[in-house]
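Now for the letters of each chain:
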Amino acid sequence: MSGAGIAGSEELLTEQDPQKAPTRQLLKGFLRHRLGVVSLVVLVVLVIACFGAGLIAPYAQGQQDLLLGPTPPSAEHWLGTDELGRDYFSEILFAGQVSLAIGLAVALLATLVGTAVEAIAGYVGGWIGELLMRITDLFLIVPAIALLAVILQGLGPSPTTIVFALTALGWTYIARVVRAQVLSLREKDFIDAARGIGASGPRIVISHLLPNLAGVIAVAMSLAVASSIIAESTLSFLGFGVQPPQTSWGSMLSQAAGYVGTPQVYLLYFPGLFILVTVLCVNFIGDGLRDALDPQGKNL
């Protein structure tokens with residue numbers, strides 16, 4: 001290619017590659033989404049409260065008062081106490097460490113795997129792309145909860161096993177979203193310009209495709225956090241999740257299931273409320289990110 005041609009490709013790459021714009025536009029757009037901003041604040045407070053439970057919780061984790069037994073909410077015990085006389089508010093905060101850690105870890109790992117696999121498949125194409133896509137489809141048709149229950153029954157329901165099991169099945173949803181975007185982006189002029197100046201495939205993927213996928217990946221990851229927390233709670237409720245002495249919001253729901261129709265039904269309500277608030281916050285944050293990416297689409 002002549003010097004003039006290379007210079008023209010570099011100019012086209014500079015003008016049309018929007019990789020520096022999405023982050024700033026995403027932030028400005030998200031800040032205009034009030035519900036998303038409020039949800040982000042609530043979620044940050046919840047995360048700080050749970051992971052700072054050692055300093056914030058009024059009672060130590062597992063501290064029992066067998067003579068007290070289950071009592072309703074009061075000034076001394078804001079969310080009451082359970083059948084072992086443990087302060088329920090403190091237990092919920094400590095249990096939140098496990099639920100939130102699993103949700104965040106699964107979302108991060110699933111996003112990394114799904115993005116890497118489908119960024120390669122979408123850009124390279126050919127039989128490699130088709131093979132990776134068929135593998136993705138195979139994971140999508142597997143009955144997730146049943147397979148997870150079998151895996152955890154065989155390997156043991158530790159938080160680490162739960163994270164890897166949920167990641168193994170959760171990356172496929174993110175992969176399909178990423179692949180669709182990659183197939184669209186690889187036909188853009190700035191990608192052709194990058195090829196024109198001799199950029200290698202890995203450099204194009206890392207320097208041009210991934211930066212332009214940042215917003216879509218952020219939305220997918222936020223939704224993955226919510227789905228992971230729900231999945232962990234479902235597994236724990238069914239008895240395949242976190243086991244004592246560790247607790248999560250799902251396992252607390254499972255332990256309190258027998259109190260339906262009794263005065264101690266509040267033991268079921270409060271863990272469920274924390275799960276609900278967390279999932280709603282994450283979903284509203286995802287809505288805010290999506291609206292920031294596509295401000296015209298939200299009015300359709």
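Residues numbered from 1 in each chain as written. Predicted model: local features only at pLDDT ≥ 70, side-chain atom pairs only at ≥ 80, totals over all residues. Heavy atoms only, no water.

Asker: Looking at this structure, I do not really get a nonpolar patch on the surface. What am I missing?
Answerer: A cluster of nonpolar side chains, namely Val38, Val42, Leu273, Leu276, Val277 and Leu280, defines an oily patch on the protein surface of about 460 Å² accessible area. When contributions to the nonpolar patch are tallied by element, the ones reaching two or more residues are α3 (34-51) and α12 (266-293). Per element, the largest residue contribution to the nonpolar patch is four residues, and it comes from α12. Looking at the element boundaries, Leu276 is found in helix α12. On the accessibility criterion, Leu276 (47% relative accessible area) is partly exposed. (Patch = residues over 30% accessible without salt bridge, like charges linked within 9 Å, V, L, I, M, F, W, Y side chains within 5 Å. Areas by Shrake-Rupley, 256 points an atom, 1.4 Å probe, with all protein chains shown as cover. Salt bridge = Lys/Arg side-chain N within 4 Å of Asp/Glu carboxyl O. Helix = DSSP H or I, 4+ residues; strand = E, 2+ residues; numbered from the N terminus. Buried < 20%, exposed > 50% of the residue type's maximum accessible area, 1.4 Å probe, protein only.)

Asker: Would you take a moment to explain the side chain of Ser251 for this structure?
Answerer: Within the fold, Ser251 resides in helix α11 (residues 249-256). From its side chain, Ser251 meets the backbone nitrogen of Ser248 in a polar contact 2.7 Å long. Contacts of Ser251, omitting those with residues within four sequence positions, involve Ser236 and Val242. (Polar contact = N/O pair within 3.5 Å; in protein donor to acceptor, adjacent residues only side chain to side chain. Contact = heavy atoms within 4.5 Å.)

Asker: Please explain the side chain of Asp82 as it appears in this structure.
Answerer: Within the secondary structure, Asp82 sits in the loop between α4 (53-56) and α5 (88-124). Overall, the relative accessible area of 3% leaves Asp82 in the buried class. Polar side-chain contacts of Asp82 include one of 3.0 Å to the backbone nitrogen of Leu84. At 2.7 Å, the side chain of Asp82 and the side chain of Arg86 are in polar contact. Setting aside chain neighbours within four positions, we find Asp82 in contact with Gly69, Pro70, Tyr88 and Leu267.

Asker: For this particular structure, what's the right way to read the nonpolar core?
Answerer: For soluble globular proteins, nonpolar side chains are generally found buried alongside one another. With 56 residues, the main nonpolar core has Leu79, Tyr88, Ile92, Leu93 and Trp249 as its most contacted residues. Every element with two or more residues in this core is listed here: α3, α5, α8 (159-185), α9 (189-196), α10 (201-237), α11 and α12. Sort the elements by how many residues they give to this core and α12 lands first, with twelve residues. With 13 residues, the next largest nonpolar core counts Val106, Leu148, Ile162 and Val242 among its residues. (Core = buried A, V, L, I, M, F, W, Y, C linked by side-chain atoms within 4.5 Å.)

Asker: I keep staring at the confidence of the model for the protein chain and nothing clicks. Help me out?
Answerer: The predicted coordinates of low-pLDDT regions are not to be read in fine detail. Taken residue by residue, the protein chain gives an average pLDDT of 79. The fraction at 70 or more is 84%. Confidence, expressed as mean pLDDT per element, reaches its minimum in the protein chain at helix α1 (residues 3-16) with 45 and its maximum at α3 with 94. Across residues 1-21 the pLDDT falls below 50, and counting only partners more than four positions away or on other chains, this stretch makes 27 contacts in the model. (pLDDT = per-residue confidence, 0-100.)

Asker: Would you explain the packing of aromatic side chains in this entry?
Answerer: Two descriptors summarise a pair of aromatic rings, namely the distance from one centre to the other and the angle between the planes of the rings. On inspection of all chains with the given rule, the structure shows three aromatic pairs. Between Trp78 and Phe89 the ring centres are 5.2 Å apart and the planes differ by 45°, which places this aromatic pair in the tilted class. Of this pair, Trp78 sits in the loop between α4 and α5 while Phe89 sits in helix α5, and the two are eleven residues apart along the sequence. Ring geometry for Tyr266 against Phe270: centres 6.4 Å apart, planes inclined by 55°, an arrangement best described as tilted. On the criterion of helical spacing, the pair formed by Tyr266 and Phe270 is a turn pair, its members being four residues apart in helix α12. Across the pair, Phe270 and Tyr266 agree in class, each one buried. (Phe/Tyr/Trp six-rings, centres within 6.5 Å; stacked < 30°, edge-to-face > 60°.)

Asker: How should the environment of Ser236 be read in this particular structure?
Answerer: With respect to the helices, strands and loops of the structure, Ser236 is situated in helix α10. Considered as a pair, Ser236 and Pro157 are 79 residues apart in the sequence and their alpha carbons are 9.0 Å apart. When neighbours within four sequence positions are excluded, Ser236 is seen to be in contact with Gly241, Val242, Ser248, Gly250, Ser251 and Ser254. Reaching out from Ser236, the side chain makes a polar contact with the side chain of Glu232 at a distance of 2.6 Å.

Asker: Looking at this structure, how should I read α8?
Answerer: Residues spaced three or four apart along an α-helix point in a common direction, a consequence of the helix completing one turn every 3.6 residues. Here α8 contains 27 residues, and its C-alpha end-to-end distance of 37 Å stays within 8% of the 39 Å for a straight helix at 1.5 Å per residue. Maximal helix bending in α8 amounts to about 35°, located at Ala168. (Expected span 1.5 Å × (residues − 1). Bend = angle between axes of the 7 residues up to and from the residue.)

Asker: In this structure, what is going on with the environment of Ile229? I would like to understand it.
Answerer: Checked against the element boundaries, Ile229 lands in helix α10. By relative accessible area, which is 0% here, Ile229 ends up buried. C-alpha of Ile229 to C-alpha of Leu100: the two residues are 129 residues apart in sequence and 6.9 Å apart in space. Leaving out residues up to four positions away in the same chain, Ile229 has contacts with Ser99, Leu100, Gly103, Ile275 and Thr278.

Asker: What should I look at first to understand the packing of α11 against α12 in this one?
Answerer: Each pair of packed helices can be summarised by the angle the axes make with each other and by the distance between the axes. It is the contact of α11 with α12, at a shortest axis distance of 8 Å, that shows an interaxial angle of 155°. For the element pair α11 / α12, the angle class is roughly antiparallel. Taken as a pair, α11 and α12 cross one another with a handedness that is left-handed. Along its contact with α11, which presents Trp249, Gly250, Met252, Leu253 and Ala256, the element α12 presents Leu267, Leu268, Pro271, Gly272, Phe274, Ile275 and Thr278. Looking at the contact of α11 with α12 residue by residue, the classes come out as nine nonpolar, three polar and no charged. (Axes fitted to C-alpha atoms, helices over the stretch in contact; angles between N-to-C directions. Parallel < 35°, antiparallel > 145°, perpendicular 65-115°, else oblique. Left-handed = near helix turned anticlockwise from the far one by under 90°. Nonpolar A, V, L, I, M, F, W, Y, C, P; charged D, E, K, R; others polar.)

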